[in-house]
Amino acid sequence: MAFASGGEAQAQEKGNLTPADATSTNTQSGCREPIELTVNGGRYRFHVEPNWTLRQLLRDEIGLTSPKDWCGGMGACGSCTVIMNGRPVLSCLTLAVECNGAVIETAEGIAKVKHPIIDSYIKWNAFQCGYCTPGFVTTAKALLDRNPNPTEADVRDALGGNLCRCGTYQQHPKAVVDAAQVLKGVKS
Amino acid sequence: MKRFEHINAKSVDEAAAILKAGNTSLIAGGTDILGAMRFEILPDYPEILVNLKTIPDLDYIKEEGGILKIGALTRLEDIAKSDLVKSKYTALADAAHHTASPHIREMGTIGGNICQLTRCWYFRLPDNRFDCVRKGGKKCYAMMGENRYHSIFGAVKGCVAVNPSDTAPALVALNAKIKTNKRTIETEQFWDMVKPGSTILEKDEIVTEIQVPTPPKGVISSFIKFAIRKSIDFPIVNCAAMIGKGEARICLNAVHNKPYRCINAEDMIRGKSINESNADSTGAAAIEKAKTLPGDRNKWKIQLARTMVKRAILGCA
Ligand SMILES: Cc1cc2nc3c(=O)[nH]c(=O)nc-3n(C[C@H](O)[C@H](O)[C@H](O)COP(=O)(O)OP(=O)(O)OC[C@H]3O[C@@H](n4cnc5c(N)ncnc54)[C@H](O)[C@@H]3O)c2cc1C
Ligand code: SF4
Ligand code: FES
Ligand code: FES
């Protein structure tokens, strides 16, 4: 664990500070105007550098590690997907400084509210490796938020930007359609 | 990413004033410019990024006086999903829907899509490794090198890169205009080989609106794209057509430095009823002037372009 300890310690310290009401966490001088944003229901205030991405902010400052970096920030894999103001977006191609006022949800938040998509992914063996799953789940949740009656084709369409090298793709549409049923109370 | 200064513009005039001075770039959805900056593909790294998203009222889709008006900051996904666009401007809705991945469509704007940089792999190599013609150097590395996705209609100023936009050919086929803070430009005049960009926009010029005349009833438009993978991939060749009532406009893209209007083909199909055989011969006419690059590696694209034109025409039947 030695390789991770520095980052973890920092994340925890920030984590303890941040979920309070708009508590400033990093106030180094020379920084930009602060931004305020809501992440998984908690309010945060940060001073961000203009070249930080949202992914950096979420991971390195808040300690949320679900947004991944699979393709190296090319916008080509979807592993860094978060829901921002209702849209599934790539946090690797979003500047943190442009997130003032944004409402953001990550896989951690989706798990925290015990969204049925999580159980459904497990039930249908639709989860993939730790690198890919959060992006898929986040994209799927964004779809369900907007479309309570998705068809399998809708799901395939919506997940078209989540790419991985492995083979549970065909399970995703079933899992998401099933989760929609649970959400509507048709199924438990 | 290296450091830069970031400014939230409050108006188009303010953004234009900042653009005028220094080494500055606009950011809309950021899906193209941030990749270019992270991988340092440009000779000049922008010192200032001007954010257009903080300018009010640049995100809309509306019809006014027989013209569809789309604000430059409108997301591609919103265009793809719009019932208005789907119903009368089919080629544009389809093109937007087939652009990149859902995530990129949720972020990427129509203004950014038509202004994006070329995807030539020499140009795009990280750390600005190839000082090619488009970057002000002397050589085009694709000309003699790996060029299987490059131009089938020759070089422009020594560069054989193609325009990768999916919405561009739809806008040309639909005879759209592009409004900026300075003028209104016919779509066909909008693109050119410019170092290192792909549009004729001046340094302080900003796209504000896309204007598409409503096609008369009975005129149908369509869009078709060939890419290796269905989702996310850039077009190898795409084509949009608008045909009916004595009208015919056909435009290929990803085949030349700018969207390529197939005038010969238009003349052949104009006023005719569409069937398999005349769609096929019209496709053949569209590629009459095509030629491969040294090495013949992009020869297959010529056949593909012919088929794309044929299918786009059949899509208007
Ligand atoms: C993985 C991936 C796959 C892709 N696949 C496709 C595809 O299949 N088809 C396709 O067409 N595109 C594709 N793209 C490109 C994508 O569609 C464009 O990046 C996007 O549309 C650009 O819009 P944006 O708002 O994000 O632009 P930005 O990245 O913000 O800007 C792009 C450029 O346009 C300039 N600009 C932006 N707005 C304006 C304006 N209003 N006036 C003047 N200049 C402006 C910027 O200064 C910048 O130079 C893909 C991109 C990625 C990362
Ligand atoms: S095709 Fe154009 S962009 Fe590509 S290497 Fe040649 S000059 Fe450069
Ligand atoms: S890391 Fe963001 S899309 Fe791959
Ligand atoms: S599930 Fe992550 S690489 Fe396949």
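Q: Quick question: what am I supposed to make of the site of ligand 1 here?
A: Taken together, 36 residues are adjacent to ligand 1, and B:A28, B:G29, B:T31, B:T109 and B:D166 come closest. Around ligand 1, the neighbouring residues derive from chains A and B rather than from a single chain. Here an oxygen atom of ligand 1 sits 2.7 Å away from a polar atom, N or O, in the side chain of B:T109. Here an oxygen atom of ligand 1 sits 3.0 Å away from a polar atom, N or O, in the side chain of B:N113. Bound to the protein, ligand 1 loses 95% of the 980 Å² it would expose on its own. Among the elements of the structure, β2 (24–27) and α7 (110–115) of chain B are those that each provide at least two residues to the shell around ligand 1. Considering every element that reaches the shell around ligand 1, the biggest residue donor is α7(B), with 4 residues. Looking at the shell around ligand 1, its residues break down into 19 nonpolar, 13 polar and 4 charged.

Q: Is there a simple way to think about the sheet that holds strand β9 (residues 220–226) of chain B in this case?
A: Backbone-to-backbone hydrogen bonds pair the strands of a sheet. The strands run either parallel or antiparallel. Spatially, 4 strands are ordered β9-β10-β11-β12 (chain B) in an open sheet, and the strand pairing comes out antiparallel. Each edge of the open sheet carries a strand with a single partner, namely β9 and β12 (260–261) of chain B.

Q: For this particular structure, what's the right way to read the site of ligand 2?
A: All names here are of chain B. Neighbouring ligand 2 are 13 residues, the closest being C120, C132, C140, C159 and A161. Going through the elements one at a time, α8 (121–124) and α9 (141–144) are the ones with two or more residues in the shell around ligand 2. Of the residues that constitute the shell around ligand 2, the class distribution is 11 nonpolar, 1 polar and 1 charged.

How each quantity is defined
- Residues numbered from 1 in each chain as written.
- Chains lettered and ligands numbered in written order.
- Predicted model: local features only at pLDDT ≥ 70, side-chain atom pairs only at ≥ 80, totals over all residues.
- Heavy atoms only, no water.
- Near = heavy atom within 4 Å.
- Polar contact = N/O pair within 3.5 Å; in protein donor to acceptor, adjacent residues only side chain to side chain.
- Areas by Shrake-Rupley, 256 points an atom, 1.4 Å probe, with all protein chains shown as cover.
- Helix = DSSP H or I, 4+ residues; strand = E, 2+ residues; numbered from the N terminus.
- Nonpolar A, V, L, I, M, F, W, Y, C, P; charged D, E, K, R; others polar.
- Pairing = 2+ DSSP bridges.

Note that every value here comes from positions in space, so none of it alone points to a role or purpose.
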